[in-house]
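Take a look at the letters that make up each chain.
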Amino acid sequence: MATRWSLTIDCARPAKLAEFWALALGYTAKPAPAGFGSWKEWFARHEIPQDEWDQGAYLCDPDGVGPGLSFLQVPESKVVKNRLHLDVQVGGGRDRPWEERWPRVVKAVEQLTAAGATVIHVDELQGRPDHVVMADPEGNEFCLV
């Protein structure tokens, strides 16, 4: 049996970054645990200090397939290139014909730059664009494929 896992992203503004990644991945805010009407109720029940309640944000795949994402506030800023990045397969993956895949990638680039991402560079394969390396609003690199 596989082990369940999630991905945690350190950041300066958890709610804002979670909002960006919800758009990028089609994820939704993770509901409060069973038996609680809100995350605030859960925090209070578990005696989390109130000044820490806004230091995290949580997303989930609405279909329950992909891993959960947590965004945790940290005091330091991002300094170097990520050692791990996401390949967001907005084009459907490289098994799709380029003529079908690339317009989807371009559309996603436009949508995510409007939401605060930046294009780092476009990688080419066999003389045509293949994928776009981008940075989220806090500088975390990811690729649109």
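This text goes with the structure placed above it.
Here's a quick rundown of the structure. (Residues numbered from 1 in each chain as written. Predicted model: local features only at pLDDT ≥ 70, side-chain atom pairs only at ≥ 80, totals over all residues. Heavy atoms only, no water.)

**Structural notes on the overall build of the protein**
The test is simple: Note on conventions: DSSP H or I runs of at least 4 residues are helices, E runs of at least 2 residues are strands, and numbering of each starts at the N terminus. Each residue is assigned to one of three classes by its accessible area relative to the maximum for its type, calculated with a 1.4 Å probe on protein chains only: buried under 20%, partly exposed between the two thresholds, exposed over 50%. Contact criterion: two residues are considered in contact whenever any of their non-hydrogen atoms come within 4.5 Å of each other. Accessible surface area values rest on a Shrake-Rupley calculation with a 1.4 Å probe, where residue burial reflects the displayed protein chains alone. Charge assignment in this entry is limited to Lys and Arg as positive and Asp and Glu as negative, and neither His nor the chain termini are counted. Positions of charges follow a simple convention, taking NZ of Lys, CZ of Arg, CG of Asp or CD of Glu.
Counting secondary structure elements, the protein contains three helices and eight strands. Helices and strands appear in the protein in the N-to-C order β-α-β-α-β-β-β-α-β-β-β. With respect to the three principal axes, the spread of C-alpha positions in the protein is 55 × 35 × 30 Å. Among the 145 residues that make up the protein, the fraction classed as buried is 32%. Excluding contacts between residues fewer than 6 apart, the proportion of contacts in the protein whose partners are at least 24 apart in sequence is 59%. If you sum the accessible surface of the protein, you get close to 9,500 Å²; carbon and sulfur atoms cover 52% of it. Computing the positive centroid from 15 side-chain charges and the negative centroid from 21, the protein places the two 3 Å apart.

**Some thoughts on unusual backbone geometry**
Although it is not a glycine, E47 sits at a positive phi angle of roughly 55 degrees. For E47, the position within the fold is in the loop between α2 (39–45) and β3 (56–60). Overall, the relative accessible area of 69% leaves E47 in the exposed class. Despite not being glycine, Q126 shows a phi value in the positive range, around 55 degrees. In this fold, Q126 is placed in the loop between β6 (118–125) and β7 (128–135).

**A closer look at the sheet that holds strand β2 (residues 28–29)**
Heads up, the rule is: For two strands to be treated as a pair, DSSP must find at least two bridges joining them.
Read from one edge to the other, the open sheet built from four strands follows the order β1-β4-β3-β2, with strand pairing classed as mixed. Edge positions in the open sheet fall to β1 (6–11) and β2, since each of these has one partner strand only. Note: β3 against strand β4 (residues 68–73), four bridges, orientation antiparallel. Bridge pairing in β4 links A57 to F71.

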